[in-house]
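Next come the chains, spelled out residue by residue.
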Amino acid sequence: MPYDPPPDLNALSLAEVAELVAARKLPPVAAWSPQHLGDSEMTIRADGRWFHQGGEIRRPAMVRAFAALLLRDAEGQHWLVTPVEKLSIAVEDAAFVAVDVRQDGDALVFRLNTDEFVIAGPDHPIRSTGDAETPAIYLGVRNGTEARLNRSTYGQLVEIALAGGEDLTVSSQGARFGLIPA
């Protein structure tokens, strides 16, 4: 079955994005407790590319399927989880990359490199790390995983913040987030 990516973020209303997010059936990886632990021999590079045993995984549908099985534990280790096994996966920075953002009313909608949409808010917070000169901005995705905003998405978010006032903060679904690391 071929994979059809969702339409352009700017062509969707917030209601349509929310409908797409709700329609995506993700496996309950946080509820699974497999006994078999191992190494997936996979790496997610800082630029969002996935590798297995040194070779790049080039099929977007395959990356999307693996991404649905990701979990990050309290120690920061990423895992691919199925009902029967839990395999470690090396992640250089964040499991996902936020590649686009749009403001729709009081919501910030992000598109990830896996063609998923995430609506920032209390359940999907934005956090700033680094320093004021070189901030790194992350978006909570699911099961402890995050997406790092790429440079152009960070620029878009700064424009949204400046349009709302002089301070570099944004709000989404009632939550307020600073874009300058504390």
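Refer to the preceding data block for the structure.
Below you will find a few notes about this structure. (Residues numbered from 1 in each chain as written. Predicted model: local features only at pLDDT ≥ 70, side-chain atom pairs only at ≥ 80, totals over all residues. Heavy atoms only, no water.)

With that out of the way, let us pick up the sheet that holds strand β1 (residues 36–44). Reading across from one edge, β3-β2-β1-β6-β5-β4 is the order of the six strands in this open sheet, with mixed pairing throughout. Pairing within the sheet leaves two strands with one partner each, and these edge strands are β3 (55–56) and β4 (70–72). (Pairing = 2+ DSSP bridges. Helix = DSSP H or I, 4+ residues; strand = E, 2+ residues; numbered from the N terminus.)

Along its 13 residues, helix α3 (residues 151–163) runs 18 Å from first to last C-alpha, staying within 8% of the 18 Å computed at 1.5 Å per residue. Where α3 is concerned, the buried positions are Thr153, Leu157, Val158, Ile160 and Ala161. The buried residues of α3 occupy one face: seen down the axis, they fall within an arc of 160°. With respect to the buried face of α3, the exposed residues turned more than 90 degrees away are Arg151, Glu159 and Ala163. (Expected span 1.5 Å × (residues − 1). Buried < 20%, exposed > 50% of the residue type's maximum accessible area, 1.4 Å probe, protein only. Arc of directions from axis to C-beta.)

So, on to the side chain of serine 88. The topology assignment puts serine 88 in strand β6 (residues 85–91). Within polar-contact distance, the side chain of serine 88 engages the side chain of aspartate 39 at 3.5 Å. For serine 88, the contacting residues outside a window of four places in its chain are Gly38, Asp39, Ser40, Glu41, Gln77, His78 and Trp79. (Polar contact = N/O pair within 3.5 Å; in protein donor to acceptor, adjacent residues only side chain to side chain. Contact = heavy atoms within 4.5 Å.)

Time to look at the side chain of glutamate 146. Relative to the helices and strands, glutamate 146 is located in strand β12 (residues 146–149). Side chain to side chain, glutamate 146 and arginine 127 meet in a polar contact 2.6 Å long. Beyond its immediate chain neighbours, meaning those up to four positions away, glutamate 146 contacts Arg72, Ala94, Ala95, Phe96, Arg127, Tyr138, Leu139, Gly140 and Val141.

What follows concerns the pairing of strand β8 (residues 107–112). Of all six residues that make up β8, six are buried, and the element is covered over most of its length. Residue alternation in β8 divides its side chains into two sets, Ala107, Val109 and Arg111 and Leu108, Phe110 and Leu112, and both sets are buried. Examined bridge by bridge, strand β7 (residues 96–104) and β8 share six bridges and lie antiparallel to one another. Within the sheet, the bridge partner assigned to glutamine 103 lies in β8 and is leucine 108. What sits between β7 and β8 in their antiparallel hairpin is a turn of two residues, with glycine 105 showing a positive phi close to 65°. Sheet topology note: the β8/strand β9 (residues 117–119) ladder contains three bridges and is antiparallel. If you follow valine 109 over to β9, its bridge partner there is isoleucine 119. In this structure, the hairpin formed by β8 and β9 is closed by a connection of four residues, where aspartate 115 is found at a positive phi of approximately 65°.

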